[in-house]
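Chain by chain, the residues:
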Amino acid sequence: MTLEKMIKSFSKFLILIFLLIISSFSFADNKEISWDDLVPNEEAGVKINTTGINTKGIPDISKFGGSKEELNRFLNDMKEFKKLQKKDALINTKFDGSKIKIPGYIVPLTFDGDNIIEFLLVPNLGACIHVPPPPANQIIYIKSAKGLKAEQVNSAVWVSGMLKAKSVSTIVADVGYTIDEAAVTSYSSW
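A short tour of the structure in this document, coming up. (Residues numbered from 1 in each chain as written. Predicted model: local features only at pLDDT ≥ 70, side-chain atom pairs only at ≥ 80, totals over all residues. Heavy atoms only, no water.)

All right, on to the side chain of N137 then. Here N137 is to be found in the loop between β5 (115-122) and β6 (140-145). Looking at N137, the relative accessible area reads 7%, which means it is buried. Looking at N137, its side chain comes within polar contact range of the main-chain oxygen of L90, at 2.8 Å. If sequence neighbours within four positions are ignored, N137 has contacts with L38, V39, P40, A89, L90, I91 and Y177. (Helix = DSSP H or I, 4+ residues; strand = E, 2+ residues; numbered from the N terminus. Buried < 20%, exposed > 50% of the residue type's maximum accessible area, 1.4 Å probe, protein only. Polar contact = N/O pair within 3.5 Å; in protein donor to acceptor, adjacent residues only side chain to side chain. Contact = heavy atoms within 4.5 Å.)

Laid out in structure tokens, this is it:
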């Protein structure tokens with residue numbers, strides 16, 4: 001093989017590598033989805049099942065001054081609230097395992113000081129606080145988020161991460177989707 005042929009072959013190889021790298025970056029981007037995308041048609045939908053799942057978001061007794069009675073009263077109120085949620089919502093497995101981004105509002109479940117660690121992402125401000133909670137296919141459980149401050153609760157945010165069509169039971173509502181590690185940014189900054 002001549003030097004000229006080797007250079008041409010190497011050049012083609014470099015171009016191919018460059019194109020592969022560029023295309024991998026485009027696939028790595030999160031796909032922007034809407035809340036309507038999470039509602040499947042009846043033929044493609046999957047029923048959620050929270051049977052046997054530990055409930056997320058149960059506060060520590062210390063939040064109630066150590067009073068087991070106060071904690072139990074709160075838990076009973078939440079149980080009654082949760083009963084009002086529509087139970088026959090189907091989840092869409094189309095985006096299961098996909099990197100997505102979606103706008104929404106935060107319903108905090110767990111705090112570390114002023115930081116929100118676990119939360120529910122919902123389509124409307126006040127959802128899960130007002131009666132009834134949204135259907136499970138309109139709620140995403142966020143297991144871990146970094147840098148999210150309590151004062152951001154009333155602001156719209158973008159959440160991105162790998163979506164899982166995985167049912168979760170929380171103190172507030174049953175949930176159809178989860179994101180384990182989420183990036184959260186202000187809605188206006190994206």
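So much for the structure itself; the text now carries on.
One pass over the full model with this rule turns up two aromatic pairs. With a centroid separation of 5.2 Å and 45° between ring planes, the pair formed by F64 and F74 is classed as tilted. Of this pair, F64 sits in the loop between β2 (46-47) and α2 (68-83) while F74 is found in helix α2, placing the two residues ten residues apart along the sequence. A relative accessible area of 27% means that F74 is categorised as partly exposed. Between W158 and Y187, the ring centres sit 5.3 Å apart and the planes meet at 15°, which makes this aromatic pair stacked. (Phe/Tyr/Trp six-rings, centres within 6.5 Å; stacked < 30°, edge-to-face > 60°.)

Before going further, it helps to spend a moment on the pattern of salt bridges. With the rule as written, the count across this model stands at seven salt bridges. For R73, the salt bridge goes to E69, with nearest N and O atoms at 3.2 Å. Linking R73 with E69, this pair stays in helix α2, spanning four residues, or about one helical turn. Taking relative accessible area as the criterion, R73 reaches 41% and is therefore assigned partly exposed. A relative accessible area of 57% means that E69 is categorised as exposed. Residue D180 pairs with K164 through a salt bridge whose shortest N-O separation is 2.5 Å. Of this pair, D180 sits in strand β10 (residues 177-186) while K164 sits in strand β7 (residues 157-164), and the two are 16 residues apart along the sequence. Owing to a relative accessible area of 24%, D180 belongs among the partly exposed residues under this scheme. The structure contains a network of salt bridges with shared partners spanning E69, E70 and R73. (Salt bridge = Lys/Arg side-chain N within 4 Å of Asp/Glu carboxyl O.)

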